[in-house]
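Letter by letter, the chains look like this.
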Amino acid sequence: MSARIGVVTFPGSLDDGDAARGVRLAGGEAVRLWHADPDLHSVDAVILPGGFSYGDYLRGGAIARFAPVMESIAQAARDGMPVLGICNGFQILCEAHLLPGALTRNEHLHFRNRDQWLRIEAVQPVWTNAFAASQEVLIPVKHGEGRYVADQRTLEELEANGQVVARYINGNPNGSLNDIAAISNAAGNVVGIMPHPEHAVEALTGPSIDGLAFFTSVLKHLAGAGAQA
Amino acid sequence: MAVDEYNGGPDTVQRATATPQELQPYAELGLKDDEYERIREILGRRPTQSELAMYSIMWSEHCSYKSSKVHLRQFGEKAPPSDRLLAGIGENAGVIQISDDLAVTFKVESHNHPSYVEPYQGAATGVGGIVRDILAMGARPVAVMDPLRFGAADHEDTARVLPGVVAGIGGYGNSLGLPNIGGEVVFDPCYQGNPLVNALCVGVLPVDRLQNKAAAGAGNIVVLMGAKTGRDGIGGVSVLASATFDDESEQRRPSVQVGDPFMEKLLIEACLELYDAKLVVGIQDLGGAGLTCALTETAAAAGTGMTVALERVPLREPSMAPHEILASESQERMLLIVEPAQLHAVLAIAEKWGVIATAIGEVTPPGPDGLPGRLTIDWRGHTVVDVPPGSLADDGPVYARPVREPADRILLQADRAETLPRPSTPEALRETLLRMVASPNLCDKTWVTEQYDRHVLGNTVLAQPEDSGVIRIDERSGLGVALSVDGNGRFARLDPYQGAKLALAEAYRNVAVTGARPLAVTNCLNFGSPEDPSVMWQFAEAVRGLADGCAELGIPVTGGNVSFYNQTGAAAIHPTPVVGVLGVLDDVTQRVPMGFPARANPDGDIIFLLGETRVELSGSEWAWVTHEHLGGVPPRVDLPRERTLATVLAEAARVGHLSAAHDLSDGGLAQALVEACLRNGIGARVALPEEQTAGSMPFAYLFSESAGRALVAVPHGQEKAFTALCSEHGLPWTALGVTDPNGGVLEIRDQFTIGLSELREAYTSTLPKLFGTGA
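**Regarding the overall build of chain B**
Phase 1: Within chain B, the regular secondary structure consists of 27 helices and 28 strands.
Phase 2: For 775 residues, the compact-globule estimate of 2.2 N^0.38 gives 28 Å, and the C-alpha radius of gyration of chain B, at 27 Å, lies within 12% of that figure.
Phase 3: Buried positions account for 62% of the 775 residues belonging to chain B.
Phase 4: Partitioning the contacts of chain B with sequence separation of at least 6, the portion at a separation of at least 24 is 85%.

Dropping the structure here:
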């Protein structure tokens with residue numbers, strides 16, 4: 001039986017269908033979760049997709065963190081459930097303090113959509129174990145508020161603990177500190193990524209199919225966890 | 001000017017009947033003397049203040065098409081018969097069936113005037129408006145495109161207008177989750193003070209989900225859903241879009257609507273859920289003319305009447321007067337007609353999505369004599385409106401305005417660009433090429449397009465800078481659509497009839513080079529003041545050209561929009577018909593991209609030029625960039641040839657002959673080669689045909705803008721089959737050379753060689769230099 005990966009829809013979520021497609025193409029079962037429903041419907045992992053939850057007029061993810069579904073997700077994440085936040089999902093994870101730091105307005109102040117090279121810096125998190133160490137991948141970025149910032153001590157800890165999951169290479173699209181594109185929590189089960197792996201899952205529509213490995217990673221991890229149980 | 005408040009409450013029907021002689025500010029609202037008299041005749045009394053506001057808006061140029069109607073009829077009259085057309089002109093958008101169970105709907109509209117006054121909100125709400133038109137047909141919007149025109153690139157006001165417009169389009173469209181897949185960015189001094197911000201949206205629907213706007217069924221409930229109604233945008237279309245700009249334009253900012261894309265996203269999801277649950281009898285979006293337009297059009301379409309309790313409309317400002325509520329152009333609102341038994345279910349779905357929905361009225365029967373019903377609107381117990389809805393929606397004034405060929409036309413056409421001095425040495429040609437690719441109209445537009453999300457929804461197969469946007473519609477079958485939108489104001493200025501045909505031909509060709517079959521046409525006709533006979537002549541000629549062109553190509557116009565009064569003082573913009581063409585690809589994996597392909601082996605693909613190149617430089621980008629010249633006659637347009645080209649391209653794409661195909665238009669062959677090389681960083685080695693090598697012939701061959709041409713790359717081994725296909729259809733072809741995957745240069749033999757890095761530098765640095773590089 002394939003793993004059940006929940007994809008949350010908040011009002012204003014936009015890439016929820018794309019995240020679900022990524023799950024399906026990787027061989028998982030995508031389960032749609034609704035922001036107002038705290039029930040996680042027995043999913044094995046959760047994806048918080050891109051978009052502008054609740055309009056994001058205040059600050060990206062600032063309202064979504066209070067959604068009923070987020071309480072359940074926060075608890076599950078602390079208990080080790082894999083959680084991936086993409087773009088707005090990354091912002092929500094930071095707002096919910098499941099990840100350190102914050103995503104602020106791009107340094108150049110424009111929304112920017114481009115195909116971006118990244119280097120995968122950590123392959124132990126459950127969402128990146130299918131990558132080779134230091135693998136370089138091409139994945140779209142598209143955001144206006146994606147500049148990762150944190151205080152110096154947090155940055156040092158992230159770097160020291162191997163929590164920087166991916167870094168921008170060949171140009172930093174938003175002014176992120178340390179060229180950070182993705183980070184994980186200390187346990188490695190919660191990952192936030194600003195670029196969009198779900199937009200690089202088909203050669204027909206994406207600049208590459210490099211994004212697929214994020215979805216196969218978690219399925220691989222869950223299959224391993226199932227075998228142990 | 002504001003209409004004065006009446007003492008002792010609103011101006012009611014009763015009061016209007018009792019005070020027939022009261023002076024009314026109809027002229028200030030844009031109504032002519034005879035138009036006002038007609039309103040009095042229709043009503044048998046003077047109109048109330050609310051009625052006067054309603055007539056003034058609905059009879060404005062923007063809403064009534066009063067100057068354009070007599071010409072636009074040709075689109076219907078000349079259209080080829082089509083059994084694919086499920087809804088056509090007059091609906092919110094045309095709907096075309098593309099498979100047994102799927103249809104697409106698309107339309108382009110203008111939001112020119114608001115975007116000049118307040119660029120961000122003007123452009124943002126332009127996207128919002130066209131998206132609601134598509135939504136109202138029962139479709140899920142799946143992509144947008146924006147043809148944009150600005151004044152000179154280096155004019156200081158362009159630096160105000162362009163960044164705001166681009167940010168507004170991105171800010172709204174990105175937040176709706178709609179990929180932006182194409183469009184245009186054009187600069188010309190004629191658009192200074194009158195930028196053109198057109199917006200196109202395409203949507204997809206199951207055939208059986210098609211909606212209509214008729215308020216059918218007496219007793220059905222009228223529901224207003226979406227944002228609260230505020231004072232923003234009062235008289236936006238009548239005030240802004242139906243008059244020319246003058247010194248007071250700055251004070252018109254309150255006439256510009258303010259957008260809330262989050263609300264629109266919720267509205268989209270709520271409407272689609274309502275459609276799928278079959279809870280909607282009729283639906284109409286609220287755009288220009290707000291409630292007035294939606295109420296009168298839905299009632300008129302069904303021949304029914306309607307009663308509305310205006311005090312039920314949720315307001316942002318409780319102090320709003322009835323005429324303000326009726327005229328408000330607050331965004332993100334839809335009007336629904338639902339059966340009483342379904343009202344509860346409708347309100348529940350609205351609540352699920354966090355959208356306000358309110359029952360504001362009821363459909364009433366037609367008159368006992370078979371005449372259409374009446375629209376009566378009450379406000380706090382007073383009847384403030386009692387009108388035949390058709391008199392507002394359908395029976396507005398129609399003008400056959402005087403037309404006169406512009407006096408300067410003969411001189412303009414005699415001043416041909418073919419007589420200008422041309423570069424005739426290889427060095428001069430090389431320099432010209434670099435200058436041309438760096439010019440504002442030909443240069444790379446990434447500065448603009450990377451502010452738009454092109455990936456969302458995961459079905460974008462091709463997006464700008466490709467010739468067409470291509471969207472996958474059905475993941476299982478691979479069915480998809482290709483869309484392009486094009487216009488050339490300079491060609492239309494030289495000859496509006498041919499210019500309109502050329503715009504059509506270019507959009508048609510841009511769709512064809514992807515391998516798609518062109519199916520349908522939409523248009524946005526941007527012109528100066530219809531009160532100027534020479535502008536009206538341009539308009540009449542352009543419409544005639546477009547209607548004739550569509551008949552020759554065998555594809556119907558399914559809808560569109562007219563924008564007049566793009567004029568400051570006596571100076572009108574170039575007549576600018578912008579034409580959108582939609583085509584179908586049965587399998588999007590067979591789409592042909594514009595760029596020369598990368599190859600693992602060093603063998604290049606063979607480059608062919610299809611069609612014929614004549615010395616046609618009048619109205620060209622070269623004439624403008626190097627001589628600031630506009631004169632002569634535009635390139636010849638041969639629509640049967642365009643059809644042949646499209647047939648060959650579609651067949652060649654289907655059998656896999658093409659590794660790349662790129663339309664030739666602005667900047668001619670030179671520009672097409674540069675773009676095809678730079679797209680994937682693949683070089684090319686090209687030799688001009690022998691008869692084109694003497695004197696300034698190489699220049700003419702490289703920069704002429706003859707229509708009906710495309711550049712293609714054909715993999716080794718397929719060239720014989722491909723040229724046989726061309727010959728079979730009588731399509732002229734010329735083998736130009738080969739791609740050079742590892743060469744890193746564009747070489748024009750015996751002329752010049754330019755490294756791709758030098759080309760890229762010239763091509764990409766112009767807009768960042770003008771509008772800022774960012775970080």
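**Points about the overall build of chain A**
Phase 1: In terms of regular secondary structure, chain A is built from five helices and eleven strands.
Phase 2: Here the C-alpha atoms of chain A give a radius of gyration of 16 Å, agreeing with the 17 Å that 2.2 N^0.38 yields for 229 residues.
Phase 3: Each principal axis of the C-alpha distribution contributes one length, and for chain A these read about 45 × 40 × 35 Å.
Phase 4: Looking at chain A as a whole, 59% of its 229 residues qualify as buried.
Phase 5: Considering only contacts in chain A between residues 6 or more positions apart, those separated by 24 or more positions represent 76%.

**Overview of the pairing of strand β5 (residues 180–187) of chain B**
Residue and element names in this part refer to chain B.
Phase 1: Counting buried positions along β5 yields eight of eight residues, so the element is predominantly enclosed.
Phase 2: Here strand β4 (residues 140–150) runs beside β5; their pairing, made up of seven bridges, is parallel. Bridge pairing in β5 places Asp146 opposite Gly183.
Phase 3: A crossover connection joins β4 to the parallel β5 through helix α8 (residues 158–176); in handedness this β-α-β unit is right-handed.

**Some details on helix α23 (residues 668–680) of chain B**
All names here are of chain B.
Phase 1: In terms of burial, α23 is largely enclosed, as eleven of its 13 residues are buried.
Phase 2: For α23, the set of buried residues is Gly668, Leu669, Ala670, Gln671, Ala672, Leu673, Val674, Glu675, Ala676, Cys677 and Leu678.
Phase 3: In the segment just after α23, Gly681 is the residue with positive phi, at about 70 degrees.

**Remarks on the sheet that holds strand β16 (residues 480–486) of chain B**
Residues and elements named next belong to chain B.
Phase 1: If you walk across this open sheet you meet the six strands as β14-β15-β16-β21-β17-β18, and the pairing is mixed. Sheet topology places β14 (460–462) and β18 (557–563) at the edges, where each strand pairs with a single neighbour. Adjacent strand axes in the sheet meet at a mean angle of 20 degrees when their direction is disregarded.
Phase 2: Across four bridges, strand β15 (residues 469–472) lies against β16 in antiparallel orientation. Its bridge partner being in β16, Ile471 is matched across the sheet by Val481.

**Thoughts on the packing of helix α7 (residues 119–136) of chain B against helix α10 (residues 261–276) of chain B**
Describing two packed helices takes the angle between their axes plus the distance from one axis to the other.
All names here are of chain B.
Phase 1: Following both chains from N to C, one finds α7 and α10 inclined at 5 degrees, their axes separated by 11 Å at the closest point. As judged from the angle between their axes, α7 and α10 are roughly parallel. For the pair α7 and α10, contact is made by Gly128, Val131 and Leu135 and by Pro261, Glu264, Ile268 and Cys271, respectively.
Phase 2: Here the residues of the contact of α7 with α10 are counted per class, giving five nonpolar, one polar and one charged.

**Description of the environment of Gly303(B)**
Phase 1: Among the structural elements, Gly303(B) can be located in the loop between α11 (290–302) and β9 (305–309).
Phase 2: Excluding residues within four positions of it along the chain, Gly303(B) makes contact with Pro366(B) and Pro372(B).

**Some details on the interface of chain B and chain A**
Phase 1: The interface is formed by 25 residues belonging to chain B together with 26 residues belonging to chain A.
Phase 2: For the side of chain B that touches chain A, the secondary-structure elements that each account for two or more residues are α8, α10 and β14 of chain B.
Phase 3: Residues belonging to the side of chain B that touches chain A are distributed by class as follows: nine nonpolar, twelve polar and four charged.

**A word on the nonpolar core**
Residues and elements named next belong to chain B.
Phase 1: Within the largest apolar cluster, 328 residues are counted, with the highest numbers of intra-cluster contacts made by Leu649 and Leu673.
Phase 2: Top element by residues in this core is helix α19 (residues 496–512). It accounts for ten residues.
Phase 3: Those residues in contact with Leu649 that lie beyond four places of it in its chain are Ala512, Val513, Gly515, Ala661 and Ala710.

**Focus on unusual backbone geometry**
Residues and elements named next belong to chain B.
Phase 1: Residue Gln464 is joined to Pro465 through a cis peptide bond whose omega torsion reads 10 degrees.
Phase 2: Summarising the element assignment, Pro465 is placed in the loop between β14 and β15.
Phase 3: With a phi angle near 60 degrees, Glu332 is a residue other than glycine that sits in the positive phi range.
Phase 4: Relative to the helices and strands, Glu332 is located in the loop between α12 (322–327) and β10 (333–338).
Phase 5: According to the C-beta neighbour criterion, Glu332 is buried, with 27 such atoms within 10 Å.
Phase 6: For Arg380, which is not a glycine, the phi torsion comes out positive at approximately 50 degrees.

**What about the sheet that holds strand β12 (residues 375–379) of chain B?**
Residue and element names in this part refer to chain B.
Phase 1: Across the sheet, seven strands lie side by side as β8-β10-β7-β11-β9-β12-β13; this open sheet has mixed pairing. The sheet is open, and its two edges are formed by β8 (282–285) and β13 (382–387), each paired on a single side. For this sheet, the mean angle separating the axes of adjacent strands, direction not counted, is 20 degrees.
Phase 2: Bridge analysis of strand β7 (residues 221–226) against strand β11 (residues 357–364) gives five bridges, and the strand direction is antiparallel. Looking at β11, one finds that Met225 is bridged to Ala357.

**Structural notes on the confidence of the model for chain B**
In low-pLDDT segments, the atomic positions of the prediction should not be examined closely.
Residues and elements named next belong to chain B.
Phase 1: The share of residues in chain B with pLDDT of 70 or more is 96%, and the mean pLDDT across the chain is 94.
Phase 2: This model gives residues 1–5 a pLDDT under 50, and the stretch forms five contacts once residues within four places in sequence are excluded.
Phase 3: Predicted as a complex, the structure gets a pTM of 0.95 and an ipTM equal to 0.96.

**Here's the deal with the environment of Asn92(B)**
Residue and element names in this part refer to chain B.
Phase 1: Relative to the helices and strands, Asn92 is located in the loop between β1 (85–87) and β2 (94–97).
Phase 2: Here Asn92 falls in the buried class, since 26 other C-beta atoms lie within 10 Å of it.
Phase 3: Separated by 40 residues in the primary sequence, Asn92 and Leu52 place their C-alpha atoms 25 Å from one another.

**Structural notes on the packing of helix α16 (residues 426–438) of chain B against α23(B)**
All names here are of chain B.
Phase 1: At a minimum axis distance of 10 Å, the contact between α16 and α23 shows a crossing angle of 70 degrees. Relative to α23, α16 is oriented roughly perpendicular. For the pair formed by α16 and α23, the contact residues are Leu433, Met436 and Val437 on the first element and Ala670, Gln671 and Val674 on the second.
Phase 2: Taken together, the residues of the contact of α16 with α23 break down into five nonpolar, one polar and no charged.

**A short note on the pairing of strand β28 (residues 752–755) of chain B**
Residues and elements named next belong to chain B.
Phase 1: Bridging between strand β27 (residues 745–748) and β28 involves four bridges; their strand directions are antiparallel. From the neighbouring strand, Val745 faces β28, where its bridge partner is Gly755.
Phase 2: In this structure, the hairpin formed by β27 and β28 is closed by a connection of three residues, where Asp750 is found at a positive phi of approximately 65 degrees.

**Some remarks on α19(B)**
Phase 1: The end-to-end C-alpha distance of α19(B) is 24 Å, a good match for the 24 Å that 17 residues give at a rise of 1.5 Å each.
Phase 2: For α19(B), a buried count of 17 out of 17 residues is recorded, marking the element as mostly surrounded by other parts of the structure.

**Remarks on the environment of Val202(B)**
Phase 1: Locating Val202(B) in the fold gives a position in strand β6 (residues 196–206).
Phase 2: Sequence-distant contacts of Val202(B), defined by excluding residues within four places in its chain, comprise Val104(B), Phe106(B), Val142(B), Ala143(B), Val481(B), Leu483(B) and Leu582(B).

About the cut-offs
- Residues numbered from 1 in each chain as written.
- Chains lettered and ligands numbered in written order.
- Predicted model: local features only at pLDDT ≥ 70, side-chain atom pairs only at ≥ 80, totals over all residues.
- Helix = DSSP H or I, 4+ residues; strand = E, 2+ residues; numbered from the N terminus.
- Rg over C-alpha atoms; globule rule 2.2 N^0.38 Å.
- Buried ≥ 20, exposed ≤ 12 C-beta atoms within 10 Å, placed from the backbone.
- Contact = placed C-beta atoms within 7 Å.
- Pairing = 2+ DSSP bridges.
- Right-handed = clockwise from strand over helix to strand, strands pointing away.
- Axes fitted to C-alpha atoms, helices over the stretch in contact; angles between N-to-C directions.
- Parallel < 35°, antiparallel > 145°, perpendicular 65-115°, else oblique.
- Nonpolar A, V, L, I, M, F, W, Y, C, P; charged D, E, K, R; others polar.
- Core = buried A, V, L, I, M, F, W, Y, C linked by C-beta atoms within 7 Å.
- pLDDT = per-residue confidence, 0-100.
- Expected span 1.5 Å × (residues − 1).

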